[in-house]
Amino acid sequence: AGWEGYMGKGLTWLDKLQLATVTRAFLTVAFTLLLPSLIYAKAYFAPVDEMVRDADAIAVVKILDVKPAKTEEQDLRYKDMVASIELNETIKGDLSNVTSIYIPNFFPCAVVDVALGEYLVFLQRRDSVMTNSNWHLSLRAIHGDAVAWFSADKNDFSDVPLKDVRRQIEGQLRVPAHERP
């Protein structure tokens with residue numbers, strides 16, 4: 001057991017000290033090189049055509065309740081959420097047995113604020129739960145008969161009639177999968 005089990009017999013205390021020093025130096029350099037990439041990681045925001053293509057389900061839902069996914073995260077600023085939903089209309093996929101959506105919130109640059117109300121949602125199945133597929137962009141608030149939809153410059157939203165957005169999505173879904181962008 002110990003060093004002898006891994007390195008063989010015959011290592012002196014000086015050999016062990018040198019090996020430990022080299023290992024510690026290697027880990028320090030590796031951590032120092034990897035840390036900036038972890039600190040500056042950003043969430044990927046998919047464009048609309050990719051959201052439609054990759055969604056397992058697209059639907060109009062009413063969010064009835066939102067709570068932290070884990071009790072121990074209740075007081076954290078960035079916490080995963082679970083939203084209880086009522087299905088109003090399905091555009092793609094099957095949500096007949098779905099009563100909640102899991103909403104991850106672990107990237108500060110992609111925080112998803114969810115209020116009660118009606119939404120056009122783009123969902124993906126991850127493990128055994130349905131989750132928003134593209135951070136806050138996959139939960140589009142509906143006000144009356146209009147959706148907060150992507151504007152031409154893609155950095156802003158404007159209210160677009162839900163029927164027009166539905167027509168755009170259904171048009172994209174009619175294109176054969178191998179021809180979609």
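Refer to the structure above for everything that follows.
Small disclaimer: the values here were computed from a predicted structure and weren't measured.

Caption draft 1: How the structure looks around the overall build of the protein chain. A tally of regular secondary structure across the protein chain gives four helices and eight strands. Secondary structure elements of the protein chain, listed N to C terminal, follow the sequence α-α-α-β-β-β-β-β-β-β-β-α. When burial is assessed residue by residue, the protein chain has 34% of its 181 residues classed as buried. In the protein chain, 54% of the contacts between residues at least 6 apart in sequence involve partners at least 24 apart. Entry remark: accessible area of the protein chain is about 11,600 Å², with carbon and sulfur atoms responsible for 57%.

Caption draft 2: Highlighting helix α4 (residues 162-174). Counted at 1.5 Å a residue, the expected span for α4 with its 13 residues is 18 Å, and the 18 Å between its end C-alpha atoms agrees. For α4, the set of buried residues is Leu162, Val165, Ile169 and Gln172. When α4 is viewed along its axis, its buried side chains cluster within an angular range of 95° and face the same direction.

Caption draft 3: Region of the structure containing the pattern of salt bridges. Per the stated rule, a full pass over the model turns up four salt bridges. Note that arginine 53 is salt-bridged to aspartate 54, the shortest N-O span being 2.8 Å. By relative accessible area, which is 31% here, arginine 53 ends up partly exposed. On the accessibility criterion, aspartate 54 (31% relative accessible area) is partly exposed. Two residues, arginine 167 and aspartate 164, come together in a salt bridge whose shortest N-O distance is 3.3 Å. Of the two residues, arginine 167 and aspartate 164 are both situated in helix α4; the distance of three residues between them amounts to about one turn of the helix. Linked by salt bridges that have partners in common, Lys163, Asp164 and Arg167 make up one network.

Caption draft 4: Examining the nonpolar core more closely. Membership of the largest hydrophobic core comes to 20 residues, with the highest contact counts inside it found for Ile103, Tyr119 and Val121. Contributions of two or more residues to this core are made by β1 (57-68), β2 (81-92), β3 (100-103), β4 (117-126) and β6 (139-143). Ranked by the residues each element gives to this core, the list is headed by β1, at four residues. Excluding residues that lie within four positions of it along the chain, isoleucine 103 makes contacts with Asp80, Met81, Ala83, Val112, Val114, Thr131, Asn132 and Leu139. In terms of nonpolar packing, the next biggest core, distinct from the first, is built from 19 residues, Ile58, Leu137, Val147 and Trp149 among them.

Caption draft 5: Broad picture of the packing of aromatic side chains. By the definition in use, this model includes three aromatic pairs. For the pair phenylalanine 122 and tryptophan 149, a centre-to-centre distance of 6.2 Å together with 25° between the ring planes defines the contact as stacked. Within this pair, whereas phenylalanine 122 is found in strand β4, its partner tryptophan 149 is found in strand β7 (residues 146-150), the two being separated by 27 residues in sequence. For phenylalanine 122, a relative accessible area of 0% translates into the label buried. For the ring pair tryptophan 149 and phenylalanine 150, a centre distance of 5.0 Å and an interplane angle of 70° mean the geometry is edge-to-face.

Cut-offs applied
Residues numbered from 1 in each chain as written. Predicted model: local features only at pLDDT ≥ 70, side-chain atom pairs only at ≥ 80, totals over all residues. Heavy atoms only, no water. Helix = DSSP H or I, 4+ residues; strand = E, 2+ residues; numbered from the N terminus. Buried < 20%, exposed > 50% of the residue type's maximum accessible area, 1.4 Å probe, protein only. Contact = heavy atoms within 4.5 Å. Areas by Shrake-Rupley, 256 points an atom, 1.4 Å probe, with all protein chains shown as cover. Expected span 1.5 Å × (residues − 1). Arc of directions from axis to C-beta. Salt bridge = Lys/Arg side-chain N within 4 Å of Asp/Glu carboxyl O. Core = buried A, V, L, I, M, F, W, Y, C linked by side-chain atoms within 4.5 Å. Phe/Tyr/Trp six-rings, centres within 6.5 Å; stacked < 30°, edge-to-face > 60°.

Without other data, these values stay purely geometric and don't point to any function.
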